[in-house]
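Chain residues, written in single-letter form:
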2 protein chains.
Amino acid sequence: MIKLIFNFNSEKSKKIKKPKDELGGKGANLSQMGRMGLPVPPGFTISTKVCDLFYKNKKKLNYKIINQIKSELKIIEKNVKKKFGDLKNPLLLSVRSGARVSMPGMMDTILNLGLNDKTVIALSNKTSNGRFAKDSYRRFIQMYGNVVMGVESHNFEELIENYKLTKGVLLDTDLDEKDWDGLINDFKKIIKDKTNKVFPQDVYQQLLGAICAVFLSWESNRAKIYRKLNQIPSEWGTAVNVQAMVFGNMGNNCATGVVFTRNPSDGSKSIYGEYLINAQGEDVVAGTRTPQYITIKARKLAKVKDISMEESMPKVYLELKKILKKLENHYKDMQDVEFTVENNKLWILQTRSGKRTSKSAVKIAVDMVKENLISKKQAVLRIDPNSLDTLLHPTLDEKSEIKVIANGLPASPGAASGRVVFSSEEAQRLNDMMQDTILVRIETSPEDIQGMHAAKGILTARGGMTSHAAVVARGMGRPCVSGSSEIDINYEKKIFKAFSLVIKEGDIITIDGSSGRIILGEVQTVKPQISGDFSKLMSWADSMRKLKVRTNSETPLDTKIARDFGAEGIGLCRTEHMFFDEERILSVREMILSKTLEDRAKALTKLLPHQKKDFMEIFKIMSGLPVNVRLLDPPLHEFLPTSDRDILEIANVLKIDIREVKSRISELHEQNPMLGHRGCRLGISYPEIYEMQCRAIFEALAELKNKKIKAAFPEIMIPLVSTEAEIKIMKELVVDVAKKVQNEKKTSIEYLVGTMIELPRAAIKAKEIAKHAEFFSFGTNDLTQTTFGISRDDSGKFLNDYIDNKIFSIDPFVSIDDGVEDLIKIAVSKGKKQNKQIKLGICGEHGGDPKSINFCSEIGLDYVSCSPYRVPIARLAAAQAEMKKNKS
Amino acid sequence: MIKLIFNFNSEKSKKIKKPKDELGGKGANLSQMGRMGLPVPPGFTISTKVCDLFYKNKKKLNYKIINQIKSELKIIEKNVKKKFGDLKNPLLLSVRSGARVSMPGMMDTILNLGLNDKTVIALSNKTSNGRFAKDSYRRFIQMYGNVVMGVESHNFEELIENYKLTKGVLLDTDLDEKDWDGLINDFKKIIKDKTNKVFPQDVYQQLLGAICAVFLSWESNRAKIYRKLNQIPSEWGTAVNVQAMVFGNMGNNCATGVVFTRNPSDGSKSIYGEYLINAQGEDVVAGTRTPQYITIKARKLAKVKDISMEESMPKVYLELKKILKKLENHYKDMQDVEFTVENNKLWILQTRSGKRTSKSAVKIAVDMVKENLISKKQAVLRIDPNSLDTLLHPTLDEKSEIKVIANGLPASPGAASGRVVFSSEEAQRLNDMMQDTILVRIETSPEDIQGMHAAKGILTARGGMTSHAAVVARGMGRPCVSGSSEIDINYEKKIFKAFSLVIKEGDIITIDGSSGRIILGEVQTVKPQISGDFSKLMSWADSMRKLKVRTNSETPLDTKIARDFGAEGIGLCRTEHMFFDEERILSVREMILSKTLEDRAKALTKLLPHQKKDFMEIFKIMSGLPVNVRLLDPPLHEFLPTSDRDILEIANVLKIDIREVKSRISELHEQNPMLGHRGCRLGISYPEIYEMQCRAIFEALAELKNKKIKAAFPEIMIPLVSTEAEIKIMKELVVDVAKKVQNEKKTSIEYLVGTMIELPRAAIKAKEIAKHAEFFSFGTNDLTQTTFGISRDDSGKFLNDYIDNKIFSIDPFVSIDDGVEDLIKIAVSKGKKQNKQIKLGICGEHGGDPKSINFCSEIGLDYVSCSPYRVPIARLAAAQAEMKKNKS
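Residues numbered from 1 in each chain as written. Chains lettered and ligands numbered in written order. Predicted model: local features only at pLDDT ≥ 70, side-chain atom pairs only at ≥ 80, totals over all residues. Heavy atoms only, no water.

Caption draft 1: Just the overall build of chain A, in detail. Tallying secondary structure elements over chain A gives 35 helices and 33 strands in all. Taken along its principal axes, the extent of the C-alpha atoms in chain A is 105 × 60 × 55 Å. Looking at chain A residue by residue over its 888 residues, the buried ones come to 58%. Restricting the contact set of chain A to residue pairs at least 6 apart, pairs at least 24 apart contribute 69%. Put simply, chain A has 136 plus and 112 minus side-chain charges, and the middle of one group is 8 Å from the middle of the other. (Helix = DSSP H or I, 4+ residues; strand = E, 2+ residues; numbered from the N terminus. Buried < 20%, exposed > 50% of the residue type's maximum accessible area, 1.4 Å probe, protein only. Contact = heavy atoms within 4.5 Å. Lys, Arg positive; Asp, Glu negative; His and termini not counted. Charge placed at Lys NZ, Arg CZ, Asp CG, Glu CD.)

Quick look at the structure:
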């Protein structure tokens, strides 16, 4: 017969090939610790294969399994010198589920199994603690009644509450042994009432019932939904762990605790943890008693007098220390270990990889490489790229007390405090007076760029993770909470409401762009410090990756930051952001409102030197690296004034009637600007605009060359192409201007011309488009919008309904959706078929998302591009993606 | 050596397999007439193959070809007893191009070739008309100088104009022989000046130059562009026709004319045409003399005294009549024939299929089947489906004089006159007073539906062929001119400007929705009459097609019209249009503005009986046929009031503050409503709305069944699906309501549930979606919008630039674009892979476009659906598509 039950009692415990598959995560670790000779309370794991047999056998355990369980139980009894169901020295058991991966929705643990009306007396005698024994018994009945027999928890809770009311006490701890005796009877009665079954006194019946309950929980609705969302196959099944109970609360030579092999908050290499003498695991968590430190060092550092374990139980402490070292050496990772001391004997209940802060994760990984515990590759793979975000931005001081007044989307990481302002002008005015502000807008538009720069943080009521506010804030490295439907802004009254609370202009709030929280008042923030460990880890990652990482940037400041963060060029330089500068916006408006080609040309001539200067600066900062410049993209009406004052100003400049300006503005209005007169459609209608931009680029390059300054290598990108004809016509325009400038300046300039692939048709027709494009850059923001037919700016209204209904497991504007992926794959394959040498990159927001970066690596893109502050994340994610690719 | 030149001089002229391929259209007909023994002026055709050789031989004719040309020329000389270049009786030639299909952009004709300073004297003597001879000579120099030698026409025209100024006369006819003599010298001089070459006196040099010019014109820019747009392969090449000139102006026994074998305006079977005695072809066209009728019957009918050809040249007339019959019998189509009588000898210069009105096209096709000339299939294939439009709508009386004041897009066919109104309310008010109106709006919105019904026609300044105005107007059968950027509307002043003209409210205008013209004042219109011939033709078409034709309709009136036009069900019943009815809109608004589920449910309860009634009526009219009902699609804000009066009204009904209503309206505002909270996204957020609609459908069916009235077969369509989860959840909702109603009403109802495929992601993920969909209906309007990223409502701003730049050869909202086609093909193939039985249709505007219908037939859809007035067009197009499919 096949072995289906494995004990973890000794070094001789059977080692199996794929322990996690067969024993589950918990079982595998227990088995490993057994083999290492560590003091694990004896027990056994029922294999995941039994779960399958259980369901095939009409949800029953067959007699062979039951016999195996009974014989394994005998071994435990021998081992601990107690007997299951014994009336003098009863063996109590814990029964726990354990799938390959930790899975919410499944039964967790039943403790103290083996107690009944008789064995509870034995326990009481053994511990000389009647109250403890009865309390344990009632807890067991409650757990068993709920999990195994299906009586809802509240039934038991209500009985306790009523009893306390009658007795006139508040806390459970106010109840004594006799009180529990009464409640035990009530509990048994309610089980009888609700299930028409008696709570089993037979300990074997208890055990088999608990094991079956674990298997049944594998197919509970919650577990099924979790599996579906996380793509866990239903065939995996769960294992069941049955283990002897040990007690840390049988006197002062007993204790219980939790310990980390290293410090999880700063990563330093010293044991860190808490313990309690004469206590059970629950007590450490419950907070009724203050836990004590494990080591003298930690106790002294914390300036605490309570004696440490190192002092109170020096021998046990030394044994624990040795075990911790063994465990870390074996698992090659920082461990989180639960232990119990029963009558001076140390028992290790559980070990697992410990949770840690981002900072300590980096330190631990780098230290372990130094200690030859892990390889550089393992170190790089061990860090969650997204966690780096907190290392690069100010974060809320975790010690501060905070009052969250509303929540929104975590649109751009970092925390900031400041006075509430409702307009960009006010943000600028206060900024000039050295006051910090938070710009609060229903939504932002390109007109707000200056104000967003001036503010310390941005909060919007509308718009998703890739709304204008979110994209721009991330680009600038400003914290941003977007799309908070919980706030209600009234510009007129200069207030916003968060539920019943009213916040006025000038009030101070704090936003946490990493969590989406909006907090009343000022909260201390912690500035990021980039450590040597971080740099080391990043340099390892760089040596492992193939995918290049560029940045999306258009200002010299951002470009500088990005290069410092390791950006290898610019993947998207949005030229329109350059248009909003105060000096230029008037010329831009003049250009747009011109009626004739001549007037437009005149206005464009004014803009030329500005754009040229912008490009010269950026090309210098990115010298030697590629810079991808996207020609004008947004619909022209985005640049037009909305306030009467601004309209009057432009009317005066143009010397035309204000009504005519208004009428022209209303003419340019669009129903769906996202699908309107923008991108290369502007270049087709007004080639003179693109000509000016190309001239600015080429003249900047020529001037740098003549000054012998090493410049960047330009790539000129045509936006929103959907047909072959568009890219063909636009490429001719670029080549034409390049020729002219080269002739005029008597120099030669190298450059590429290519296009964004950001419309489904462009992906479908990539073969034809690739005839004229030297590169494709996937604009996945717009591609996601058009593929789904969802506007980022409007999705806030139903995104929550979609996540509630599990239609989206993740916002498709955060990680590339698989439908969009299909289109990208089509484009890559068709583009390469036409032009093997075509350069491929991504410049949508997804370029900074690790999951999406993995996809980009899989399909063989050349680079990803993301906002400056995400560059390190992308570098790490790219390295991990490369390793995953080599593995598979 | 291969034969490359073919003469058409006799019955023995060589017959070749694919005459059009080798001889071009014109040459093939000349050759055919030659073989039929008809009196064709002798000549020969240089094969299209020579065109290829010409380009391969460095754009020169090789000596073998030249020798063949010369020997063919000898045969002509013999035949007509004239000699090329002869000083007494010179042979003159015409040289004409002739590709397989008629192609603008290519050289057309050079006449009178063979004239030089000497032969012109011979011609003058022969015709006893010196002025005519000199005029012919100068025309020849002018044509040759331009076409062969490349001197721009205006050079010659300017010389004539200057000369007339000096002489003080206005018309060319005021110039005499001597005047032309002088100009001939000037012409020769200007050729010398411009080209540095002498106008050739050698007639052979003239001939070879003209032939080469024809070949060269095949690669002219205009010809290349035309070929590209019409997908004509460049390899086809052109043929050249060289033919002896005959003269209808050598005396009173000469004449020239054009004749149709049947009447092209009404299709009646009688010869119809015009001729002029002692005249050249040009004179018939120029209008300097009034042409006379061919037959006595026609002359009498027109009450004209001028003698007919039947009377003036009875023998020649009889010969002509016989020839016409022969030609029609041979070509089995109505022919348009050019002839010349030279000294009582009849010559047939050309024959081709004659242009005809839509009405006569139908009559001729049906008559020819009766006459056993053509088969029913040929008759069906011969009618352009789009031409039926004019048969179904009122058209402008062609005899009226009209003043076009502006142009727009021909958005919905038909013509209408009425008083200009600028609001739907005014349209209704005047309608109540029995006054006809034209509703003039910048653009229309669903709020205008009532006004559009009340008006006789709709004119908009914005929006394309598939804008709201266009779609709704076509659905209603109202004429509509949309997107007229030439008009400038001012609602405040109640005027619109068309260039400098100002039209006030109340002024009468006429719009022609078939041509896009906007006309001042009232124009007589001709009402359509559906003839028996039309019905016969349609019944033949029906027997030949497999593709079903449904209609897009939501009112009983439209549904009735569509069924009368032969619709086989409804492909798209837009339930939202039912919401705009005056009785209901208030409940709709109440439902939208409700804050709680309970209030919303209350408002929905009020709407239920209305929707149920709508469905009952439609299901009765379409009894026995499928009716596809689309659940609510547009974003809710489309239903909200915009005027203060309406806002106040709803505030009173809801008993809430008007400011709160306004704030709720502004909350519902969307940046890009096309990509917003609409379609099934509403069903996910507010399932109670879809539940009400499904209940209305099922209760309507149950009631009809209980009353034993045969109902339609319902298909319930979920709009704007992009993920599998959406259709799954929505299908469950429908099935759930169906079960409930069936239980309540104790009946069973058959129905299908399916989805629109109108988003790229839905096409890409069709396999997953088909798991839950029993049908797909391609919503190609939205699919085109999202595939291209173009909003129909905003495309007007750049569509012209796109057509000017040849980026679009056709508006992709009119005929399905090939990128969109690729997505549809993906969806069909993936959908069928999942579910072989899946029903497939199209309900976008393209469902009424013949080119798109052909595509639908090719990829195997089950049905197309279009607006009621396009149903006959679709039936015919579907039959033609089927025949094309069987052919290939």
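Next comes the rest of the account.
Caption draft 2: Geometry of the side chain of Thr45 of chain B. By the element assignment, Thr45 of chain B lies in strand 2 (residues 43-46). Within the structure, the side chain of Thr45 of chain B is placed 2.9 Å from the side chain of Asn241 of chain B, a separation counted as a polar contact. (Polar contact = N/O pair within 3.5 Å; in protein donor to acceptor, adjacent residues only side chain to side chain.)

Caption draft 3: Just the relation of the copies chain B and chain A, in detail. Between chain B and chain A, the superposition needs a rotation of 180° and an axial shift of 0.1 Å, giving an RMSD of 0.3 Å. On this basis, the relationship between the two copies can be described by a two-fold rotation axis. Among all C-alpha atoms of chain B, that of Asn672 of chain B lies closest to the rotation axis, at 2.1 Å. The residues that chain B uses at the interface reappear at the interface of chain A in 100% of cases, marking a shared surface. (Least-squares fit on C-alpha atoms with pLDDT ≥ 70 in both.)

Caption draft 4: Structural detail: the interface of chain B and chain A. Chain B puts 50 residues into the contact, and the matching count from chain A is 50 residues. Across the chain B/chain A interface, buried area totals approximately 4,400 Å², and carbon plus sulfur atoms make up 54% of it. Taken as a group, Gln671, Leu675 and Arg761 of chain B account for 14% of the area that chain B buries against chain A, more than any other trio of residues on that side. Counting across the interface, chain B meets chain A through eight salt bridges. The salt bridge partner of Asp822 of chain B is Lys765 of chain A, with a shortest N-O separation of 3.1 Å. (Buried area = accessible area lost by both parts, 1.4 Å probe. Salt bridge = Lys/Arg side-chain N within 4 Å of Asp/Glu carboxyl O.)

Caption draft 5: Just unusual backbone geometry, in detail. All names here are of chain B. Within the chain, Asn278 stands out as a residue other than glycine whose phi angle is a positive 50°. Note on placement: Asn278 falls in the loop between strand 9 (272-277) and helix 10 (281-286). Take Asn278: its relative accessible area is 29%, and that puts it in the partly exposed class.

Caption draft 6: Structural context of the pairing of strand 30 (residues 752-757) of chain B. All names here are of chain B. Summarising burial for strand 30: six of the six residues are buried, a large majority. Looking at chain direction, strand 29 (residues 713-718) and strand 30 are connected through four bridges and run parallel. Looking across to strand 30, one finds that Met717 is bridged to Gly754. Assessed by its sense of winding, the connection that carries the chain from strand 29 through helix 28 (residues 724-745) to strand 30 is right-handed. As paired elements, strand 30 and strand 31 (residues 775-778) share three bridges and run parallel to each other. Paired with Ile757 across the two strands is Phe778, which belongs to strand 31. (Pairing = 2+ DSSP bridges. Right-handed = clockwise from strand over helix to strand, strands pointing away.)

Caption draft 7: The arrangement of helix 4 (residues 119-127) of chain B in detail. Every buried residue of helix 4 of chain B is accounted for by Thr119, Val120, Ala122, Leu123, Ser124 and Thr127 of chain B. Among the residues trailing helix 4 of chain B, Ser128 of chain B stands out with phi positive, at a value near 50°.

Caption draft 8: A look at the packing of aromatic side chains. Residue and element names in this part refer to chain A. For the structure on display, the rule yields 38 aromatic pairs over all chains. Aromatic side chains Phe579 and Phe639 sit 5.8 Å apart centroid to centroid with 50° between the ring planes, which places their arrangement in the tilted category. Separated by 60 residues along the polypeptide, Phe579 in the loop between strand 27 (570-574) and helix 22 (582-593) and Phe639 in the loop between strand 28 (626-630) and helix 24 (644-654) bring together distant segments of the chain. Pair check on accessibility: Phe579 and Phe639 agree, each one buried. Among the aromatic residues, those joined into a cluster by ring pairs are Tyr137, Phe140, Tyr144 and Phe199. Sitting over the ring of Tyr204, Lys70 keeps its end group 5.3 Å from the ring centre. Lying across the ring of Tyr863, Arg550 places its NZ or CZ 3.7 Å from the centre. (Phe/Tyr/Trp six-rings, centres within 6.5 Å; stacked < 30°, edge-to-face > 60°. Lys NZ or Arg CZ within 6 Å of the ring centre and 35° of its normal.)

Caption draft 9: Focus on the sheet that holds strand 28 of chain A. Residue and element names in this part refer to chain A. With respect to topology, eight strands assemble into a closed barrel ordered 26-27-28-29-30-31-32-33, the strand pairing being parallel. The mean angle between the axes of side-by-side strands here comes to 30°, regardless of whether they run parallel or antiparallel. Bridge count between strand 28 and strand 29 (residues 713-718): five bridges; the pairing is parallel. Within the sheet, the bridge partner assigned to Arg630 lies in strand 29 and is Met717. (Axes fitted to C-alpha atoms, helices over the stretch in contact; angles between N-to-C directions.)

Caption draft 10: Representation of the sheet that holds strand 23 (residues 508-512) of chain B within the structure. Residues and elements named next belong to chain B. Sheet architecture is open: eight strands sit in the order 14-24-23-16-17-18-19-15, paired in mixed fashion. Single-partner strands in this sheet number two, and they are strand 14 (404-407) and strand 15 (409-412). For this sheet, the mean inter-axis angle between neighbouring strands, taken without regard to orientation, is 30°. Pairing of strand 14 with strand 24 (residues 517-520), which is carried by three bridges, proceeds in the antiparallel orientation. Across the sheet, residue Asn407 finds its bridge partner in strand 24, namely Arg517.

Caption draft 11: Just the side chain of Ser217 of chain B, in detail. All names here are of chain B. Turning to its location among the elements, Ser217 is positioned in helix 8 (residues 203-217). Classification of Ser217 as buried rests on a relative accessible area of 10%. Every residue in contact with Ser217, bar those within four places of it in the chain, is listed here: Gly105, Met106, Met107 and Ala223.

Caption draft 12: Geometry of helix 34 (residues 850-858) of chain B. Residue and element names in this part refer to chain B. Burial within helix 34 is extensive, with seven of its nine residues counted as buried. Along helix 34, the residues classified as buried are Pro850, Ser852, Ile853, Asn854, Phe855, Cys856 and Ser857. In this structure, the buried side of helix 34 is in contact with helix 33 (818-834), strand 32 (839-842), strand 33 (863-866) and helix 35 (871-887). Of the residues one or two after helix 34, Gly860 is the one with positive phi, at around 80°.

Caption draft 13: Seen up close, the nonpolar core. In terms of nonpolar packing, the biggest core is built from 276 residues, with Phe619 and Phe698 of chain A together with Phe619 and Phe698 of chain B touching the most fellow members. Among all residues touching Phe619 of chain A, those that are not within four sequence positions of it are Val627, Val629, Ile697, Ala700, Leu701, Leu704, Lys710, Ala711 and Ala712 of chain A. (Core = buried A, V, L, I, M, F, W, Y, C linked by side-chain atoms within 4.5 Å.)

Caption draft 14: Just the pattern of salt bridges, in detail. As enumerated under the stated definition, the model contains 126 salt bridges over all chains in all. The residue Arg664 of chain A makes a salt bridge to Glu667 of chain A at a minimum N-O spacing of 3.5 Å. Of this pair, Arg664 of chain A and Glu667 of chain A both sit in helix 25 (residues 658-668), separated by three residues, roughly a single helical turn. Under the relative-accessibility criterion, Arg664 of chain A is labelled buried at 18%. Relative accessible area serves as the criterion here: at 39%, Glu667 of chain A is assigned to the partly exposed category. Between Asp818 of chain B and Arg761 of chain A there is a salt bridge; the shortest N-O distance is 2.9 Å. In this pair, Asp818 of chain B sits in helix 33 while Arg761 of chain A sits in helix 29 (residues 760-764), so the two residues belong to two different chains. In this structure, a network of salt bridges that share partners links the residues Glu576, Arg630, Asp633, Arg678, Asp782 and Arg792 of chain A.

Caption draft 15: Highlighting the packing of helix 27 (residues 687-706) of chain A against helix 28 (residues 724-745) of chain A. Residues and elements named next belong to chain A. Packing of helix 27 against helix 28 brings their axes to within 9 Å, and their N-to-C directions diverge by 40°. Our classification of the angle between helix 27 and helix 28 gives oblique. At the point where helix 27 passes helix 28, the crossing takes the right-handed sense. Contacts from Pro687, Tyr690, Glu691, Cys694, Arg695, Phe698, Glu699, Ala702 and Asn706 of helix 27 reach helix 28 at Met730, Leu733, Val734, Val737, Ala738, Lys740, Val741, Glu744 and Lys745. Tallied by class, the residues present in the contact of helix 27 with helix 28 amount to eleven nonpolar, one polar and six charged. (Parallel < 35°, antiparallel > 145°, perpendicular 65-115°, else oblique. Left-handed = near helix turned anticlockwise from the far one by under 90°. Nonpolar A, V, L, I, M, F, W, Y, C, P; charged D, E, K, R; others polar.)

Caption draft 16: Fine view of the pairing of strand 23 of chain B. All names here are of chain B. Of all five residues that make up strand 23, four are buried, and the element is covered over most of its length. Here five bridges tie strand 16 (residues 415-421) to strand 23, and the two strands are oriented antiparallel to one another. By the bridge assignment for strand 23, Arg419 is matched with Ile508. The pairing of strand 23 with strand 24 spans four bridges and is antiparallel. The residue of strand 24 that forms the bridge with Thr510 is Ile519. Counting the residues between successive antiparallel strands, the hairpin from strand 23 to strand 24 contains four residues, one of them, Gly516, with a positive phi of roughly 90°.

Caption draft 17: Quick look at the environment of Asp782 of chain B. Residue and element names in this part refer to chain B. For Asp782, the position within the fold is in helix 31 (residues 780-788). The class of Asp782 is buried, set by a relative accessible area of 8%. If we skip the residues at most four places from it in the chain, Asp782 touches Met674, Arg678, Leu720, Glu758 and Arg792.

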